[in-house]
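# Examining the three-dimensional arrangement
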Amino acid sequence: MDSGLPLEPSASALIARLAGELGRDDFPTGDHAALRRMDPRAPGRSAIALHKLMVKTGVAEQGQRRWALVIHCLALARGRHKNGREAPRFRAGAVLQQINVSEQRLNQLLAADEEVLFDLLPALARRLDSNGAAIDWTELALLILQTASDKADNVRLAIAGAYARAAAGSLTKKESA
């Protein structure tokens, strides 16, 4: 029943590895703090922690600034990542609806260009963390990793679709209660 888009296995696997490392109990506290404080637009001050994690998980240096944003967001969310292909309730749109992200905010996120995503995604990661919500970060990461491609439009459509399905499901539950 999952009508999700086909994801690039390499990006999905890398995000899962990154989240797994950041979620480990023995992940160095200092590195985690550095990645949470990092400015992904200029990650130089957190370069050691960033590069150690990138090397350990196999993230290439190509697109480093965008990957720095993904890593920063995963650090802010404390590595809470679930595979949405295994459990559709963890798909980005469904989780955003569950934590009451408004349609207006979702539209801002989906319409955002690369520079705006550098502001919106960390705020969203903080909100997810404050709600203790686990999410499939793959779709959100692909928004930044593929901002200028047709694939990014497919990701936007998938997020919007999952949000709408979750909203319709919550309306049905309220009406039957």
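Quick note: structure is the one above.
Okay, so let's go over this structure.

## Side note on the overall build of the protein chain
Of regular secondary structure, the protein chain possesses 9 helices and 0 strands. When the elements of the protein chain are put in sequence order from the N terminus, they spell out α-α-α-α-α-α-α-α-α. When the 177 residues of the protein chain are sorted by exposure, 49% land in the buried category. Put simply, of all contacts in the protein chain between residues at least 6 apart along the chain, 76% involve residues at least 24 apart. Approximately 9,200 Å² of the protein chain is accessible, and the part contributed by carbon and sulfur atoms is 51%.

## Some words on unusual backbone geometry
Notably, R78 is not glycine yet its phi reads approximately 60 degrees, a positive angle. With respect to the element layout, R78 can be found in the loop between α4 (64-76) and α5 (92-98). R78 gets classed as partly exposed once you look at its relative accessible area, which sits at 41%. Positive phi, close to 65 degrees, is recorded for N100, a residue that is not glycine. Locating N100 in the fold gives a position in the loop between α5 and α6 (103-111).

## Observations concerning empty space enclosed by the protein
As enumerated under the stated definition, the model contains 2 cavities of 30 Å³ or more in all. Put simply, the second largest cavity is a space of about 30 Å³. Together, L69, V70, C73, L121, W137, L140, A141 and I144 line the second largest cavity. Sorting the residues of the lining of the second largest cavity by element identifies α4 and α8 (137-145) as the ones contributing at least two each. The greatest single-element share of the lining of the second largest cavity, amounting to 4 residues, is contributed by α8.

## Here's the deal with the nonpolar core
With 52 residues, the main nonpolar core has L35, L96, L109, L121, W137 and L140 as its most contacted residues. Of the residues forming this core, the biggest block, 9 residues, is contributed by α4. Residues contacting L121, with those up to four places away along its chain left out, are L69, C73, L109, L140 and I144.

Rules behind the numbers
Residues numbered from 1 in each chain as written. Predicted model: local features only at pLDDT ≥ 70, side-chain atom pairs only at ≥ 80, totals over all residues. Heavy atoms only, no water. Helix = DSSP H or I, 4+ residues; strand = E, 2+ residues; numbered from the N terminus. Buried < 20%, exposed > 50% of the residue type's maximum accessible area, 1.4 Å probe, protein only. Contact = heavy atoms within 4.5 Å. Areas by Shrake-Rupley, 256 points an atom, 1.4 Å probe, with all protein chains shown as cover. 1 Å grid on protein atoms, 1.4 Å probe; cavity = no way out; pocket = protein on both sides within 12 Å on 5 of 7 lines; lining within 4 Å. Points joined across faces, edges and corners; volume = space filled by probe spheres on them. Core = buried A, V, L, I, M, F, W, Y, C linked by side-chain atoms within 4.5 Å.

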